[in-house]
Amino acid sequence: MGNLTATRPPQPWTAPTASDPVAATLRLPGSKSMTARALVLGALASGPSTLDRPLRARDTELMAGGLRELGAHMSVSDDDRWLVRPHPLVGPAHVDVGLAGTVMRFLPAVAGLAEGRVTFDGDPHARTRPLGPLIGALRSLGVRIDAPPVGSLPLVVLGAGRVTGGEVVIDASASSQLVSGLLLAGPRFDRGVVVRHEGPPVPSAPHLRMTVQMLRAAGAAVDDTTPDVWAVEPGPLTGRGWEIEPDLSGAAPFFAAALVTGGEVTLQGWPRSSLQPVEQLRGLLHRMGGEVILGTDGLTVRGTGTVRGLDADLSDVGELTPVLTALAMLADSPSRLTGVGHIRGHETDRVAALAKEFAALGADLTETTDGLEIRPRPLRGGTFRTYDDHRMAHAAAVAGLAVPGIEVDDVSCTSKTMPEFPALWSGMVTGKS
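All figures in this text were calculated on a predicted structure; none of them were measured in a lab.

Student: I'd like a description of empty space enclosed by the protein, backed by residues and values.
Tutor: Summed over the entire model, instances satisfying the criterion amount to two cavities of 30 Å³ or more. What the largest cavity holds in volume is close to 420 Å³. If you trace the largest cavity, you find 34 residues lining it, with K32, S33, Q177, H207 and E319 closest to the centre. Its residues placed into classes, the lining of the largest cavity shows nine nonpolar, 14 polar and eleven charged. Empty space within the second largest cavity amounts to approximately 30 Å³. Lining the second largest cavity, in full, are R27, L28, P29, G30, R53, I244, E245 and P246. Broken down by class, the residue content of the lining of the second largest cavity amounts to four nonpolar, one polar and three charged.

Student: Lay out unusual backbone geometry with the relevant residues and their values.
Tutor: Of all residues except glycine, most have a negative phi; of all peptide bonds, most are trans. Residues G91 and P92 are joined by a peptide bond in cis, for which omega reads 0°. Its place among the elements puts P92 in the loop between β5 (81–85) and β6 (93–96). L153 connects to P154 through a cis peptide bond whose omega is -5°. With respect to the element layout, P154 can be found in the loop between β8 (144–146) and β9 (155–160). The phi torsion at R53 lies on the positive side, around 55°, for a residue other than glycine. Relative to the elements of secondary structure, R53 occurs in the loop between β3 (49–52) and α2 (58–69). Located in the positive-phi region is S204, a residue other than glycine, with phi close to 55°.

Student: How would you sum up the nonpolar core? Please name residues and give values.
Tutor: Within the largest apolar cluster, 76 residues are counted, with the highest numbers of intra-cluster contacts made by L67, F120 and L183. Broken down by element, this core gets its largest block of residues, eight residues, from helix α1 (residues 32–44). If we ignore the near neighbours within four places in the chain, the residues touching L67 are L39, V40, A43, A72, M74, L107 and V110. Grouped together as the second largest cluster of nonpolar side chains are 75 residues, W13, L299, A331 and L379 included.

Student: Tell me what's going on with the pairing of strand β7 (residues 115–121), and back it up with residues and numbers.
Tutor: Sheet topology note: the β6/β7 ladder contains four bridges and is parallel. Paired with A93 across the strands is V118, a residue of β7.

Student: I'd love a proper account of the packing of aromatic side chains, names of residues and values included.
Tutor: A full pass over the atoms with the stated rule returns five aromatic pairs. Through successive ring pairs, a cluster of aromatic residues spans W13, F254, F421 and W425. Stacked on the ring of W242, the Lys or Arg R240 has its end atom at 4.2 Å from the ring centre.

Student: Describe the side chain of T266, listing the residues and the values that go with them.
Tutor: Within the secondary structure, T266 is located in strand β15 (residues 264–267). Only 2.7 Å separates the side chain of T266 from the side chain of T300, close enough to count as a polar contact. Setting aside anything within four residues of it in sequence, one finds T266 in contact with A24, T25, L26, D297, G298, L299 and T300.

Student: I'd like a rundown of helix α9 (residues 321–329), residues and numbers included.
Tutor: Burial runs high along α9: nine of the nine residues are buried. Within the span of α9, buried status applies to T321, P322, V323, L324, T325, A326, L327, A328 and M329.

Student: Account for the sheet that holds β8, naming residues and giving values.
Tutor: Read from one edge of the open sheet, four strands run β6-β7-β9-β8, paired in mixed fashion. One side of each edge strand has no neighbouring strand; the edge strands of this open sheet are β6 and β8. Neighbour-to-neighbour, the strand axes of this sheet turn through a mean angle of 20°, independent of strand direction. Judged from the three bridges that link them, β8 and β9 form a sheet pairing that is antiparallel. Counted as the bridge partner of D146 is V156 from β9. Relative to β9, helix α3 (residues 101–112) is tilted by about 30°, and along the sheet it contacts β6, β7 and β9.

Student: Which residues make up the pattern of salt bridges, and what values go with them?
Tutor: Inspection of the entire model under this criterion finds 21 salt bridges. In this structure, D59 engages K416 in a salt bridge whose closest nitrogen and oxygen atoms are separated by 2.8 Å. Here D59 is found in helix α2, whereas its partner K416 is found in the loop between β23 (406–408) and α12 (421–430), with 357 residues between them in sequence. Residue classification places K416 among the buried residues on the basis of a relative accessible area of 5%.

Student: I'd like to hear about the pairing of β6, residue by residue, with values.
Tutor: Covered by surrounding structure in β6 are A93 and V95 only, the residues H94 and D96 on the alternate face being uncovered. A crossover connection joins β6 to the parallel β7 through α3; in handedness this β-α-β unit is right-handed.

Student: Tell me about the sheet that holds strand β10 (residues 166–170), residues and numbers included.
Tutor: Spatial strand order, β10-β11-β13-β12: four strands in an open sheet with mixed pairing. Edge positions in the open sheet fall to β10 and β12 (222–223), since each of these has one partner strand only. Of the pairings in the sheet, the one linking β12 to strand β13 (residues 229–232) comprises two bridges and is antiparallel in character. Bridging from a neighbouring strand, D223 pairs with A231 of β13.

Rules used in this analysis
- Residues numbered from 1 in each chain as written.
- Predicted model: local features only at pLDDT ≥ 70, side-chain atom pairs only at ≥ 80, totals over all residues.
- Heavy atoms only, no water.
- 1 Å grid on protein atoms, 1.4 Å probe; cavity = no way out; pocket = protein on both sides within 12 Å on 5 of 7 lines; lining within 4 Å.
- Points joined across faces, edges and corners; volume = space filled by probe spheres on them.
- Nonpolar A, V, L, I, M, F, W, Y, C, P; charged D, E, K, R; others polar.
- Helix = DSSP H or I, 4+ residues; strand = E, 2+ residues; numbered from the N terminus.
- Core = buried A, V, L, I, M, F, W, Y, C linked by side-chain atoms within 4.5 Å.
- Buried < 20%, exposed > 50% of the residue type's maximum accessible area, 1.4 Å probe, protein only.
- Contact = heavy atoms within 4.5 Å.
- Pairing = 2+ DSSP bridges.
- Phe/Tyr/Trp six-rings, centres within 6.5 Å; stacked < 30°, edge-to-face > 60°.
- Lys NZ or Arg CZ within 6 Å of the ring centre and 35° of its normal.
- Polar contact = N/O pair within 3.5 Å; in protein donor to acceptor, adjacent residues only side chain to side chain.
- Axes fitted to C-alpha atoms, helices over the stretch in contact; angles between N-to-C directions.
- Salt bridge = Lys/Arg side-chain N within 4 Å of Asp/Glu carboxyl O.
- Right-handed = clockwise from strand over helix to strand, strands pointing away.

Structure below.
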């Protein structure tokens, strides 16, 4: 079980309860995953790049700040369009990773390409997130790194201005970001990089596919035809314009609201062809009683007011676990969510935190090694702790639609990926969105 150390914020947020079916059309912020990858690729490109409708949130601002520390020129004053101008990467520099897995796992490889000393550290819990496999892989590729014996933050990359690259074996079963971090910088390595995963399955495969597709869009040659092997050839990356999709994970609680209340929620600006796992989300929501339609006006989810239980392996979409857990609490039959042992190493141990906080509200559930078993029964109000984890706040908000009196101890943690969340959520529930 993880360390579930909670903080005590000054003012809890009462999750609003829905008295009527929600009916909302929303335009949500851009994808965190796409924004982070576009920033890294832009900083490593041979010319300028633009990001249209990027996500402005703590994680992405930390990514932009880290790349700026390394020498890249970032213009992020315009909310709708960010400009990235590559520049020689140099130290000394300090990268604040906050609690962002993307920053702590994408930028050490970039720092290896810098000339000089680059230090990395972040929030206290960031020091418990798994980095050992990445540190070992980078060392075998020629990057000098000073780090604690356990392979964690804080660490120091002693950049030589170049990375030899080559073939490396890594156990990325803790996070697909461990592979993505190597691949994104791989085109700039002298010999490129061949990453071979050995170990239990890599979680969140759609995020790896996103990395590969965005690398190719920037001009990189990537071969992913062999399972668990990714080969990136050395070569220049092209600066380009990136159209950032709305964030699918951020949309999940709003779609869940349609199921809980028997309402309808439309997310505007959804592309016909997506880099995110929209088909997986569509299938899961359908199995739980929702109707999902991709039309000219966006992605729409309709509910009947009845939520069905779910037996599902969520290994590809582990970030959806908190919201699906909240839905399962309100379902008409038991649920079994598996394949998400890796989310114990996220912002908090999400499996343990969900079990603990929902049990405190009267839930009947069992924590397993890699997930949760949920037997629905009426819940009561009470304090729901987030442990500085935005997805925990999303789960509490979904449950609060049907359960009066759920108080979220720190809703401000949603600023990690969606600062507008409390206002958007309250507006949706009250019909003032």
